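# Chains, contacts and geometry: an overview
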Amino acid sequence: QVQLVESGGGLVQPGGSLRLSCAAYGTNFSSYDMAWYRQVPGKKRALVGTILKKVTTNYVGSRNGRFIISRNNANNTMWLQIKSLKPEDTAVYYCNKPPTAESWPWGQGTQVTVSS
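First, a word on what this report is: a plain description of the structure on this page. What you see as residue numbers is a count from 1 along each chain, following the sequence as written. Per-residue local features of the predicted model are confined to residues with pLDDT of at least 70, and side-chain atom pairs are confined, for both listing and counting, to 80 or more; whole-chain, interface and lining totals are unaffected and use all residues. For side-chain calculations, the full set of non-hydrogen atoms in the structure is used, while hydrogens and water are omitted.

Attention now goes to the overall build of the protein chain. Strands are runs of DSSP state E lasting at least two residues, helices are runs of H or I lasting at least four, and both sets are numbered from the N terminus onward. Check the secondary structure of the protein chain and you find zero helices and 10 strands. Along the protein chain, from the amino end to the carboxyl end, the secondary structure elements read β-β-β-β-β-β-β-β-β-β. For a compact globule of 116 residues, the expected C-alpha radius of gyration is about 13 Å, and the protein chain comes in at 13 Å, within 12% of that figure. Throughout this description, buried means an accessible area under 20% of the type-specific maximum (1.4 Å probe, protein chains only), exposed means over 50%, and partly exposed covers the range between. By the burial criterion, 41% of the 116 residues in the protein chain qualify as buried. Here the radius of gyration uses the C-alpha set of atoms, whereas the globule reference equals 2.2 Å times the residue count to the power 0.38.

This is how it looks when you write it as structure tokens:
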């Protein structure tokens, strides 16, 4: 049984940055593309970005983008760095496989709250 554990969320002021972690247990992590998602109450879970299985860092959108996804296959770990946080980034963040793949059981997520 695959288990995904997200951590690193918290309360952050607008303009700040945060680094979320995703640990995967019970799987050959290096064999899978991965993704970060976020969900706000009352809305569907939305894709933040993806990272291919052999890629160590992905700048979502552009190199100047606010979201950077990285991974360490040796440690079965993935991260999401969010820069210049905005109130609209407030959500529960989850990791899993990309939408094109059959997802593993969802973890509990990690809450990010951006507020002054």
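Having seen it, we continue.
Among covalent bonds in proteins, the disulfide is the one between the sulfur atoms of two cysteines. A pair of sulfur atoms, both from cysteines and within 2.5 Å, is called a disulfide here. Scanning all chains against the criterion turns up one disulfide. A disulfide bridge connects C22 with C95, and the sulfur atoms are separated by 2.0 Å. Taking the sign of the S-S torsion, 70 degrees for the link of C22 and C95, the bridge is right-handed. With C22 in strand β3 (residues 18-25) and C95 in strand β9 (residues 91-96), this pair connects stretches of sequence that are 73 residues apart. C95 shares its class with C22; the two are buried.

So, on to the packing of aromatic side chains. Centres within 6.5 Å make a pair out of two Phe, Tyr or Trp rings, where for Trp the six-membered ring is used; the pair is then stacked when the planes are under 30 degrees apart, edge-to-face when over 60, and tilted otherwise. In total, this model carries three aromatic pairs according to the counting rule given. With 5.1 Å between their ring centres and 80 degrees between their planes, Y37 and W106 make a pair best called edge-to-face. Taken as a pair, Y37 in strand β4 (residues 34-39) and W106 in the loop between β9 and β10 (110-114) lie far apart in primary sequence, 69 residues in all. When its relative accessible area of 7% is taken as the criterion, Y37 is described as buried. On the basis of an interplanar angle of 85 degrees and a centroid distance of 5.9 Å, the ring pair of Y94 and W106 is categorised as edge-to-face. Separated by 12 residues along the polypeptide, Y94 in strand β9 and W106 in the loop between β9 and β10 bring together distant segments of the chain. The class of Y94 is buried, set by a relative accessible area of 11%.

With respect to the helices and strands, E6 occurs in strand β1 (residues 3-7). The charge count treats Lys and Arg as positive and Asp and Glu as negative. His and the chain ends do not count. Salt bridge, as used here, is a side-chain nitrogen of Lys or Arg placed within 4 Å of a carboxyl oxygen of Asp or Glu. Of the side chains with opposite charge, R45 comes closest to the buried, unpaired E6, at an N-O distance of 7.8 Å. Two N or O atoms form a polar contact when they lie within 3.5 Å of each other; inside protein one atom must be a possible hydrogen donor and the other a possible acceptor, and for residues adjacent in sequence the pair counts only when both atoms belong to side chains. A distance of 3.0 Å separates the side chain of E6 from the backbone nitrogen of C95, its partner in a polar contact. Ignoring sequence-local partners within four residues, the contact set of E6 consists of S21, C22, W36, Y93, Y94, C95, G107, Q108, G109 and T110. We call two residues in contact whenever any of their non-hydrogen atoms come within 4.5 Å of each other.

So, on to the pattern of salt bridges. Side chains that differ in charge, positive against negative, can pair when their charged atoms come close. Applying the stated criterion across every chain yields a total of two salt bridges. D89 is the salt-bridge partner of R38, the closest N and O atoms lying 2.9 Å from each other. Placement of R38 in strand β4 and of D89 in the loop between β8 (77-82) and β9 is noted, with a sequence separation of 51 residues between them. Close ionic contact of D89 with R66 constitutes a salt bridge, the shortest N to O distance being 2.7 Å. Of this pair, D89 sits in the loop between β8 and β9 while R66 sits in the loop between β6 (57-59) and β7 (67-72), placing them 23 residues apart in sequence. Comparing D89 with R66 shows no difference in burial state: the two are buried. Salt bridges here are not isolated pairs; linked through shared partners, they connect R38, R66 and D89.

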